[in-house]
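# Survey of secondary and tertiary structure
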Amino acid sequence: MKHSLLILTGHSKGLGRAILDTYLQKDNYTIIAISRSKLGLKHPNLHEVSIDLGDLDVLENKLPEFFPSGDYEEVVLINNAGWIGEIKPVGVLQVKQMRAQVNVNLLAPMYLTNAFVAAYKDSNAKKIICNISSGASSRPVAGWAGYCSTKAAIAMFTQVAEKEHENSQFRFFSLAPGIIDTEMQDEIRQAEESDFPDLARFKNYKVAGDLSSPETVAAKVSYLLDHSEDFEGVIQDVRAFDLP
Ligand SMILES: NC(=O)c1ccc[n+]([C@@H]2O[C@H](COP(=O)([O-])OP(=O)(O)OC[C@H]3O[C@@H](n4cnc5c(N)ncnc54)[C@H](OP(=O)(O)O)[C@@H]3O)[C@@H](O)[C@H]2O)c1
C-alpha cells in the first residue's frame, strides 16, 4: 500500500488526541504530531515534536522538519491546536495573553499552511489542509473576543488560500467541530459569570450530556478528509453531516 503523511497540531489531548488515534489505526499514515507535550507513545508511524506554537521564531526554524519529501499518495495538514484564551471582556485583556492566542490560533496555522503549500506544490499526492475553526468564528460571544476573532481570521485565510488554488490538487477546509467534551470546555466552565454571560449555558451542555465525544468528532474529521470530493466549499461543520 502506498504511504500517506499527516501533519497534526495539538495531538496531545482533546480532539487532536482522538484524531491521532484514528489515523494511527489506518496503518498507512506517517504522522508528524506537534504539541508542547509529548505523549511518549511508541508507534513506528508516529513522530512527536514538542514545541510551543506561540513561539513563532522557534516554529519558523522548525518548519523544514515538518514537511518531508516522499512519493506520498496523500499529504494532510490538520491545524487543530487552539486556545480559548483569557475569558474576559475587552478592556481588561492582558497584552501577552492576546499575543500568545493570536500566535497559536492564527499565525501558527498560517505559517504551517503556507509552508505546506510551498513544500508540496509540485507533488502528485492528494493534498488537503484542514484548519479547525469554530462556530464562534461567525458569532460574537462576550468574553471570547480573541477566540472569535482568531477563528474568524483563520477561516478567511483558508477561504483565500482555496480561491488561489482552485484548479490545483490542493483542497482547503475550515472545519467547525461542534462542542466537544475536552479540557477546553473545562476551562470555559471555570470562567467567571461576570466575564462570560453564557456560563450557565455552557455548564448545562455538560450536565445535559450535549457535548460530543472527541472520538465521534475525530471520526467525522477523518470521514470528511477521506471523502473530500463529496464536500463542496471551504467552510464545513461536523454537525452538518452524519457518518454513513
Ligand atoms: N472543545 C470544543 O468544544 C471546541 C469547539 C469548537 C472548536 N474547537 C477547536 O478544536 C480544536 C481542539 O480543541 P480541544 O477542545 O481539543 O482543545 P484542548 O483539549 O484544550 O487541546 C488543545 C490542544 O492544542 C495544543 N496546544 C495548545 N496550545 C498550544 C501551544 N501553545 N503550542 C502547541 N500546542 C498547543 C494542546 O497541547 P499542549 O497543551 O500539550 O501544548 C492540545 O493538544 C481547537 O482549535 C479548538 O479551538 C473546540
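Here goes a summary of the coordinates provided.

Rules of the game
- Residues numbered from 1 in each chain as written.
- Predicted model: local features only at pLDDT ≥ 70, side-chain atom pairs only at ≥ 80, totals over all residues.
- Heavy atoms only, no water.
- Helix = DSSP H or I, 4+ residues; strand = E, 2+ residues; numbered from the N terminus.
- Rg over C-alpha atoms; globule rule 2.2 N^0.38 Å.
- Buried < 20%, exposed > 50% of the residue type's maximum accessible area, 1.4 Å probe, protein only.
- Contact = heavy atoms within 4.5 Å.
- Lys, Arg positive; Asp, Glu negative; His and termini not counted.
- Charge placed at Lys NZ, Arg CZ, Asp CG, Glu CD.
- Arc of directions from axis to C-beta.
- Axes fitted to C-alpha atoms, helices over the stretch in contact; angles between N-to-C directions.
- Parallel < 35°, antiparallel > 145°, perpendicular 65-115°, else oblique.
- Phe/Tyr/Trp six-rings, centres within 6.5 Å; stacked < 30°, edge-to-face > 60°.
- Lys NZ or Arg CZ within 6 Å of the ring centre and 35° of its normal.
- Disulfide = S-S within 2.5 Å.
- Salt bridge = Lys/Arg side-chain N within 4 Å of Asp/Glu carboxyl O.
- Near = heavy atom within 4 Å.
- Polar contact = N/O pair within 3.5 Å; in protein donor to acceptor, adjacent residues only side chain to side chain.
- Areas by Shrake-Rupley, 256 points an atom, 1.4 Å probe, with all protein chains shown as cover.
- Nonpolar A, V, L, I, M, F, W, Y, C, P; charged D, E, K, R; others polar.

### Details of the overall build of the chain
- A count of helices and strands for the chain gives 7 helices and 7 strands.
- Computed over C-alpha atoms, the radius of gyration of the chain comes to 17 Å, within 12% of the 18 Å expected from 2.2 N^0.38 for 244 residues, which places it in the range of a compact globule.
- Along the three orthogonal principal directions, the C-alpha set of the chain runs to about 55 × 40 × 40 Å.
- Across the 244 residues of the chain, 50% fall into the buried class.
- Sequence separation of at least 24 residues holds for 68% of the intrachain contacts in the chain that already meet a minimum separation of 6.
- For the chain, the centre of its 24 positive side-chain charges and the centre of its 32 negative side-chain charges are spaced 3 Å apart.

### Overview of helix 6 (residues 199-207)
- Of the residues making up helix 6, those classed as buried are Leu199, Phe202 and Tyr205. Down the axis of helix 6, the buried side of the element spans an arc of 120°, and every buried residue falls inside it.
- Tucked inside the fold, the buried residues of helix 6 contact helix 5 (183-189).
- With its phi angle positive at about 70°, glycine 209 sits one or two positions after the end of helix 6.

### Details of the packing of helix 3 (residues 95-120) against helix 4 (residues 145-164)
- Taken N-terminus to C-terminus, the directions of helix 3 and helix 4 make an angle of 10°; their axes are 8 Å apart at the nearest point. It follows that helix 3 is roughly parallel to helix 4 by the angle criterion. Seen from helix 3, the contacting residues are Gln101, Val102, Asn105, Leu106, Pro109, Met110 and Thr113; seen from helix 4, they are Gly146, Tyr147, Thr150, Lys151, Ala153, Ile154 and Phe157.

### Examining the packing of aromatic side chains
- Using the criterion set out here, one finds 15 aromatic pairs in the structure.
- An angle of 35° between the planes, with centres 6.1 Å apart, marks the rings of phenylalanine 170 and phenylalanine 172 as tilted. For the pair phenylalanine 170 and phenylalanine 172, one class covers both residues: buried.
- Site record: aromatic cluster; members linked through ring pairs are Phe66, Phe67, Phe116, Tyr120, Phe170 and Phe172.
- Taking the ring centre of tyrosine 23 as reference, the NZ or CZ of lysine 26 above it sits at 4.2 Å.
- Against the face of phenylalanine 170 rests lysine 127, its NZ or CZ located 4.6 Å from the ring centre.

### Focus on the state of the cysteines
- Evaluation of the coordinates by the stated rule reveals 0 disulfides.
- The thiol sulfur of cysteine 130 is not disulfide-bonded, and the nearest other cysteine sulfur, from cysteine 148, lies at 19 Å.
- Look at cysteine 130 and you get buried, because its relative accessible area is 0%.
- Judged by relative accessible area, which is 10%, cysteine 148 ranks as buried.

### Section: the pattern of salt bridges
- Throughout the structure, instances matching the rule amount to 12 salt bridges.
- The salt bridge partner of glutamate 65 is lysine 62, with a shortest N-O separation of 3.7 Å. Here glutamate 65 pairs with lysine 62, and both are found in helix 2 (residues 56-66), just 3 residues apart, close to one helical turn.
- Measuring nitrogen to oxygen at the nearest pair gives 3.8 Å for the salt bridge that ties glutamate 229 to lysine 126. Of this pair, glutamate 229 sits in the loop between helix 7 (214-226) and strand 7 (235-237) while lysine 126 sits in strand 5 (residues 126-132); the two residues are 103 residues apart in sequence, bridging distant segments of the chain.
- Each of Glu74, Lys126 and Glu229 takes part in a single network of salt bridges with overlapping partners.

### Description of the site of the ligand
- Around the ligand there are 30 residues in total, and Ser37, Asn80, Tyr147, Thr182 and Gln185 lie nearest to it.
- Between the ligand and arginine 36, the relevant distance is 2.7 Å, taken from an oxygen atom to a side-chain nitrogen or oxygen of the residue.
- Contact between the ligand and leucine 53: a nitrogen atom at 2.8 Å from a main-chain N or O atom of the residue.
- For the ligand, whose free accessible area comes to 880 Å², the fraction covered by protein is 95%.
- Top contributing element to the shell around the ligand by residue count: helix 5, with 3 residues.
- For the shell around the ligand, a count of residues per class yields 11 nonpolar, 14 polar and 5 charged.

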